[in-house]
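A closer look at the structure
One letter stands for each residue in the lines below.
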Amino acid sequence: MNGAAEFFTTDTAAFLAGALGRTLWMTLLGCTLGFLLGGVLALVRRTRQPLLAPARLLAGLYVETFRRLPFLVILILVLFSVQAVAPGLSLLGIATIAVTLAATAYLAEIIRAGLDAVPRPQVEGAEVLGLSALDRLRFVVLPQAWGVILPPAAAFMVMFVKDTALASHLGVVELAFAGKILVNKGFSPTLGFGAVLVLYALVSWPLGRAAAHLEKKLVAPRHR
Amino acid sequence: MSLLDIAELSAGYGGNTILDGVSLTAERGDIVSLIGPSGSGKSTLLRVLIGLTPPTGGTVRIDGAAVDYADSAALKALRRRMSIVFQQFNLFQNMTALDNLTLAPVRTLGVARAEAEARGCDLLAKVGLADKAGAYPAQLSGGQQQRVAIARALAMQPEILLLDEVTSALDPERVGEVLDTIRTLAETGITMLLVSHEMGFVREISTKVVMMDAGRVVEAGPPASIFESPRETRTRSFMQAIIRH
């Protein structure tokens, strides 16, 4: 068995850094794209425009389906569908698509709940002043919705840092898989998984802080 | 030609009829008060007029031109001429009093920010709140919020102002300050349609009083005739009921 002296080397550090990078890549890119797409779905589901009725139905169907699928199942579904159409795409790319699909569904619901939490009279107040739908959203609804959207959205993302470990089933060498590889190489599980644990904790913490900071910056100062 | 001409206006939700063929007119400078029991359709009438509740029948004409409530461009044009103040103020909670007043003029009328702010400050001064420009709604009393809401509606320079029970959500001590604001406003010659339960005020300020019940106009006329010699039994019973206490 390899000892601590062999563990704390630049090789191991580089290996773990690469794995951490893949974990963060999947989480940050997947959740950012998921937030944008989820926002679009939430807006579509909220419109009352008759022409958008089919889009509303599809958006609802998407959200309800993907929230019910275990993330591992989404990963495998994406793996096989992508390999059928674009066999050249990397495993990391495939996993990132899967994260995006799952995050879109969850974040769409979080955003919708946040938008719905803004009292209807606030919107009517803006409507009777002739403000366009986009202006109502930008100046009245969103500033009041951030406070409801951001905490659960940030919690979701921090939680998803850990869920990306499931991408190891596809063969993506992210943090959890990296720990397993280190142990297989002969390092003690305490060292291998201990390092992984520390790294997970180290990324989750600043993510949480960043979310709290964003919240402070964006949330309307209504109760100052 | 009347400034506002409402003919056979109907509205409802689902199978429920709330407005059942309301007709009334207002000339420029008129102050028309809508009175009647709760559920008689007074507030719904104002909501239909400003385009928040779609009409199911009838027409609304402004200066003789019919308003198409199904058309968003027509609604936008309507809301440049007509403004509403709500019972619950509906001030934007995330903005200061002044920002509440400048948002719509800047975004929808294309007024320059500096000009909108100057006018906003004037309006706040007019409603006696010059020192509250930087205050958020949550920092203001109900009466102050309602005065800001009136100033916000005026910032759009409407020809017709709708007031929907603007004193009903207020502390009794705060009612007077809002009524004073409306009195001052009445002297500027703006056309107003107001729903109110403040009968003394209605009688004093109105050029025309409209008694409504069950989604219909029971009778309409100058305040003296409605209050002193109502023709309809429904108006009489309403008057007796409210005078008794």
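Structure shown above.
The notes below deal with the structure included here. Not measured: the values here are computed from a predicted model.

Residues and elements named next belong to chain A. Closest axis-to-axis distance for the helix α4 (residues 71-85)/helix α5 (residues 91-116) pair is 9 Å, and the angle between their directions is 125 degrees. One finds that α4 runs oblique with respect to α5. Where α4 crosses over α5, the handedness of that crossing is right-handed. Along the contact surface, α4 presents Phe71, Ile74, Leu75, Val78, Leu79, Val82 and Gln83, while α5 presents Leu91, Ile94, Ala95, Ile97, Ala98, Val99, Leu101 and Ala102. For the contact of α4 with α5, the per-class residue count stands at 14 nonpolar, 1 polar and no charged.

All names here are of chain B. For strand β3 (residues 31-35), the tally of buried residues reaches 5 of 5 residues, placing the bulk of the element in the interior. The side-chain alternation of β3 yields two buried faces, one formed by Ile31, Ser33 and Ile35 and the other by Val32 and Leu34. Of the strand pairs in this sheet, β3 and strand β8 (residues 191-195) are connected by 4 bridges, and their pairing is parallel. Note that in β8 the partner of leucine 34 across the bridge is valine 195. Pairing analysis gives 4 bridges linking β3 to strand β9 (residues 208-213), with the strands arranged parallel. Among the inter-strand pairings, isoleucine 35 is bridged to a residue of β9, identified as methionine 211.

Taken together, the 23 residues of chain B in the interface contact 21 residues of chain A. Interface area, chain B with chain A, both sides summed: about 2,000 Å², of which 59% is carbon and sulfur. One can count 2 salt bridges joining chain B with chain A. Residue B:Arg107 is joined to A:Asp135 by a salt bridge in which the shortest nitrogen-to-oxygen separation is 2.9 Å. In this structure, the connection of chain B to chain A is made through 8 residue pairs in polar contact (both at pLDDT 80 or more). Going through the elements one at a time, α2 (72-81), β6 (82-85) and α3 (97-109) of chain B are the ones with two or more residues in the side of chain B that touches chain A. The dominant element in the side of chain B that touches chain A, judged by the number of residues it contributes, is α3(B), at 4 residues.

Looking now at the sheet that holds strand β1 (residues 4-13) of chain B. Hydrogen bonds between backbone atoms are what pair the strands of a sheet, whose relative direction is either parallel or antiparallel. Residues and elements named next belong to chain B. Strands sit in the order β2-β1-β4-β5 across an open sheet of 4 strands; the sheet is antiparallel. With partners counted over all chains shown, the strands left at the sheet margins are β2 (16-26) and β5 (65-66), one partner each. Of the pairings in the sheet, the one linking β1 to strand β4 (residues 57-62) comprises 5 bridges and is antiparallel in character. Along β4, the bridge assignment pairs serine 10 with glycine 57.

Here is what the cut-offs are and how they apply
- Residues numbered from 1 in each chain as written.
- Chains lettered and ligands numbered in written order.
- Predicted model: local features only at pLDDT ≥ 70, side-chain atom pairs only at ≥ 80, totals over all residues.
- Heavy atoms only, no water.
- Axes fitted to C-alpha atoms, helices over the stretch in contact; angles between N-to-C directions.
- Helix = DSSP H or I, 4+ residues; strand = E, 2+ residues; numbered from the N terminus.
- Parallel < 35°, antiparallel > 145°, perpendicular 65-115°, else oblique.
- Left-handed = near helix turned anticlockwise from the far one by under 90°.
- Contact = heavy atoms within 4.5 Å.
- Nonpolar A, V, L, I, M, F, W, Y, C, P; charged D, E, K, R; others polar.
- Buried < 20%, exposed > 50% of the residue type's maximum accessible area, 1.4 Å probe, protein only.
- Pairing = 2+ DSSP bridges.
- Buried area = accessible area lost by both parts, 1.4 Å probe.
- Salt bridge = Lys/Arg side-chain N within 4 Å of Asp/Glu carboxyl O.
- Polar contact = N/O pair within 3.5 Å; in protein donor to acceptor, adjacent residues only side chain to side chain.

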